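As a plain string of letters, each chain reads:
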Amino acid sequence: MPERPAFYITTPIYYASGDLHIGHTYSTVVCDAIARYKRMRGYDVFYLTGTDEHGQKVQDKAAAEGKTPREFVDGLVSKIKKLWELMDISYDKFIRTTDDYHVKAVQKIFKTLYDKGDIYKSVYKGKYCKACESFWTESQLVGGKCPDCGRDVEYAEEESYFFRLSKYAPRLRKLLTETDFLQPDSRVNEMVNNFIDKGLQDLAVSRSTFDWGIPVPFDEKHVIYVWIDALSNYITALGYGSDDESLFRKFWPADVHVVGKEIVRFHSIIWPAILMALGLPLPKKVFGHGWIKFGGQKMGKSTGNVVDPYVLAGRYGVDALRYFLLDEMPFGSDCDYSSELLVRKINTDLANDYGNLVRRTLAMSRQYFGGKVTKDGDDDEADKPFTDMIDSVGALADEDMDGLQVSKAVEDIFAVIRRANKYIDETAPWKLATDESAKPRLMRIMYNLLEAIRVSSTLLLPFFRSGPSKALGALGVGAPEEFGDNLRYGAVGKYSTTEIPAIYPRLDVNKELAELAEIAAKAEAAKKSAAKEKAAGSEAKQAESKETPPQTDSGLITIDDFAKMKLVVAEVVACERVKGSKKLLKETLKVGDETRVVCSGIAAYYTPEEMVGKKVILVSNLPPRKMCGVESNGMLLCAEKDGKVVLLTPESDIESGAEVG
């Protein structure tokens, strides 16, 4: 058996600084559709996605939530993997830039570039966008702001290692202007005019002002800058730089990197330059898709105009959301999201066109022939345009998918579905059913309709699976793992059909829009409440700091200062979360013969169940203070390092009320 051809496709690895939205979902779904299509065409596919987890923004966000960077990204990665499971994403590997094998390989790549003289040490002076983690020259700014995200930039000056990006400018210009490496074509002029022709500057590839990153192997004061770290994932995931590079030899170079247009620069300029410096083959193609916009603006975490894919998939099903994303957005162009458009497309395309075709045809096949339909029967010259359309749609879809025109492939398949509905109206099977002599003609009509459903449903399987699989099951043929000959008209000679409920029920548009608006309003209210709680927590922290014992100018305290604090052993007899707060636990303490209530901001580190029965150290002579509506009488002593918080407890068992000192 001949070896299957290899096909390697990647999504961008998503920056682990916040929850993903429908824009990220689009990138992953479109790559999944391409990967599934290639598998069904007989390719050996490797589909990679993952997370970019290092950088200053992650470190700052983790600190703001009172977590270590690792705890912060672990929580986000868990949610991302659940989202991809919900969206039926068939990735072959999920890479994290914190994975040990990736860290080692990136350090090896950095050292190789340094040893070749393509990385050198100097001082960076210029503009820096913290949101994009990007360095810019003054000439690259747009209106004094970051050209990628439009946010303010800040002046930065620090020692850094630099990659000799300028050295590769001539080769990069030739790559972009003389090949189809970057698609669509509109992205090419942007890269050449805005970056290469303005003069490529050497690139700062290390940072020394924070430590959440991969250490430079020969200078641990520096961490490797996010773009060398993140971009290298496409080869480290295949084992490059490890003892086993068999996957790398099989799948590299990538057939296509699919990325959002905002990071095309890094993938079409920086990434190929790094590969040139390493002496490695370049990816065959980088495709920069457009943005899903909301009210005309780019959807993004920072703008708050995000649409939650969990809500939409949970309410309308994964098929509906995948179909909307793949059909509505021409690959490479922007599109506007609206809930009304989503709901109306579910009704018109999925419920009316496809679902109704399946339901009507199955019902007629059962009513007229007991579900037993064969190719026997009288054909008609008028059938030929319809049957030719069925027979040729597979080749059309191949052409579309080879050109990465995913939305066009979906439209070509739905053209067959819409033509089949028209064919029913033209042939009027219900009229033929009243004439016994017309039964042979009726049989061929039903066969043609079942063939249209079979071929179109088979072709739809890479794009969304639930409804097409049900339709194929009701035809008695099932969903194939590969296309093979299944896309040819006449490949199945006979059918034994069963009836099924509506695959995609119709929706009440007005009701859905009202309920989606209510969901959005509740989400916005919850967001504001969380922001208010965070602000209150910050104020509480400041208030706590004012209550700490006075210190001398030297930072030392006297024995008299220490004697003012009354520290006692207390036993936690009950514990619960404070309503309306994510951080606070309310502990009921036994202090000798006394009972008192204390609130502590340790809910991220201890559950109420873990707290009950613990012996703790209580600062018992602080004035009472309200925290989220609960009066707190004292403070528990904790130790903290690198965002990890641990309660201080007595070394051995001692009764509550015992004084510490």
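See the structure printed just above.
Predicted model, so just to flag it, every value in this text is computed and none were measured.

Visitor: I'd love a proper account of the nonpolar core, names of residues and values included.
Guide: Core analysis: the largest hydrophobic core is formed by 98 residues, its most contacted members being I9, L312, F414, L449, L459 and F463. Setting aside residues no more than four positions away along its own chain, I9 makes contact with C31, I34, A35, F46, Y47, L48, V256 and V258. In terms of nonpolar packing, the next biggest core, distinct from the first, is built from 73 residues, L48, F195, I274 and L280 among them.

Visitor: How would you sum up helix α2 (residues 56–64)? Please name residues and give values.
Guide: When we look at burial in α2, the residues that qualify are Q56, K57, V58 and A62. G66, located one to two residues past α2, shows a positive phi value of around 70°.

Visitor: Could you give me a rundown of unusual backbone geometry, with the residues and numbers involved?
Guide: Most peptide bonds are trans, and most residues other than glycine sit at a negative phi. A cis amide bond links Q183 with the next residue in sequence, P184, at an omega value of -10°. Within the secondary structure layout, P184 lies in the loop between β8 (182–183) and α6 (185–196). Following W252, the chain continues to P253 via a peptide bond in cis, the omega torsion being 10°. Topologically, P253 is positioned in the loop between α9 (246–251) and β13 (256–260). If you check the backbone angles, L404 has positive phi at about 60° while not being a glycine.

Visitor: Before we move on, can you summarise the packing of aromatic side chains with the specific residues and values?
Guide: For the structure on display, the rule yields 29 aromatic pairs. Taken together, a centroid distance of 5.9 Å and an interplanar angle of 55° make the contact between Y14 and W84 tilted. Taken together, the positions of Y14 in strand β2 (residues 14–15) and W84 in helix α3 (residues 69–86) put the pair 70 residues apart, joining distant regions of the chain. Comparing Y14 with W84 shows no difference in burial state: the two are buried. Grouped by ring-pair contacts, the aromatic residues Y8, F46, Y234, Y240, F248, F251, W252 and W271 constitute a single cluster. Over the ring of Y43 we find K38; its NZ or CZ atom is 4.6 Å from the centre of that ring.

Visitor: Would you mind going over the pairing of strand β12 (residues 219–224) in detail, with residue names and values included?
Guide: Relative to β12, strand β10 (residues 206–207) is paired through two bridges, and the arrangement is antiparallel. The residue of β12 that forms the bridge with S206 is I224. For strand β11 (residues 215–216) and β12, the ladder comprises two bridges, and the chain directions are antiparallel. Bridge pairing in β12 places P215 opposite V223.

Visitor: Lay out helix α5 (residues 169–178) with the relevant residues and their values.
Guide: Listed in full, the buried residues belonging to α5 are A169, L172, L175 and L176. Axial view of α5: buried residues confined to an arc of 125°, hence all on one face. Exposed residues on α5 whose side chains face more than 90 degrees from its buried face are P170, K174 and E178. Against the buried residues of α5 lie β8, α6 and α10 (264–278).

Visitor: Can you lay out the sheet that holds strand β5 (residues 119–129) for me, pointing to particular residues and giving the numbers?
Guide: Strand order in the open sheet formed by four strands is β6-β5-β7-β9, and the pairing between neighbours is antiparallel. The sheet is open, and its two borders are formed by β6 (134–136) and β9 (203–204), each paired with just one other strand. Where strand β7 (residues 154–163) lies against β9, two bridges are found, and the strand directions are antiparallel. What sits directly across from F162, in β9, is A204.

Visitor: Outline the sheet that holds β10, listing residues and values.
Guide: With antiparallel pairing, the three strands of this open sheet are ordered in space as β10-β12-β11. Bordering the open sheet on either side are β10 and β11, each of which pairs with just one other strand.

Visitor: With reference to specific residues and values, describe the pairing of β5.
Guide: The pairing of β5 with β7 spans 10 bridges and is antiparallel. Paired with K121 across the bridge in β7 is Y161. Pairing between β5 and β6: three bridges, direction antiparallel. Residue pairing for β6: C129 is matched across the bridge by S134.

Visitor: Tell me about the packing of helix α12 (residues 318–328) against helix α15 (residues 406–427), and please be specific about residues and values.
Guide: Packing of α12 against α15 brings their axes to within 7 Å, and their N-to-C directions diverge by 110°. Relative to α15, the element α12 lies roughly perpendicular. Two secondary-structure elements touch here, α12 through Y323, L326 and D327 and α15 through V406, S407, V410, E411, F414 and R418.

Visitor: Got a sec to walk through the environment of H54? Specific residues and values, please.
Guide: Tracing the chain through its elements places H54 in the loop between β3 (44–52) and α2. In this structure H54 comes out as buried when scored by relative accessible area, which is 5%. C-alpha of H54 to C-alpha of P468: the two residues are 414 residues apart in sequence and 41 Å apart in space.

Visitor: Account for the environment of I95, with residues named and values stated.
Guide: Within the fold, I95 resides in strand β4 (residues 93–96). In this structure the C-alpha to C-alpha distance between I95 and L48, which are 47 residues apart in sequence, comes to 7.5 Å. For I95, the residues in contact, after removing those within four places along its chain, are I13, L48, T49, G50, T51, Y101, H102, N233, T236 and A237.

Visitor: Can you lay out the pattern of salt bridges for me, pointing to particular residues and giving the numbers?
Guide: Scanning the model with the defined rule gives 40 salt bridges in all. R70 is the salt-bridge partner of D74, the closest N and O atoms lying 3.1 Å from each other. Here R70 and D74 lie together in helix α3, a separation of four residues that amounts to about one turn. Judged by relative accessible area, D74 falls into the partly exposed class, the value being 31%. According to the relative accessible area criterion, R70 is partly exposed, its value standing at 35%. The network of salt bridges with shared partners includes D327, E328, K345, D349, D353, E411 and R418.

Cut-off values and rules
- Residues numbered from 1 in each chain as written.
- Predicted model: local features only at pLDDT ≥ 70, side-chain atom pairs only at ≥ 80, totals over all residues.
- Heavy atoms only, no water.
- Core = buried A, V, L, I, M, F, W, Y, C linked by side-chain atoms within 4.5 Å.
- Buried < 20%, exposed > 50% of the residue type's maximum accessible area, 1.4 Å probe, protein only.
- Contact = heavy atoms within 4.5 Å.
- Helix = DSSP H or I, 4+ residues; strand = E, 2+ residues; numbered from the N terminus.
- Phe/Tyr/Trp six-rings, centres within 6.5 Å; stacked < 30°, edge-to-face > 60°.
- Lys NZ or Arg CZ within 6 Å of the ring centre and 35° of its normal.
- Pairing = 2+ DSSP bridges.
- Arc of directions from axis to C-beta.
- Axes fitted to C-alpha atoms, helices over the stretch in contact; angles between N-to-C directions.
- Parallel < 35°, antiparallel > 145°, perpendicular 65-115°, else oblique.
- Salt bridge = Lys/Arg side-chain N within 4 Å of Asp/Glu carboxyl O.

Everything listed here is a matter of coordinates, which is why it stays silent on function.
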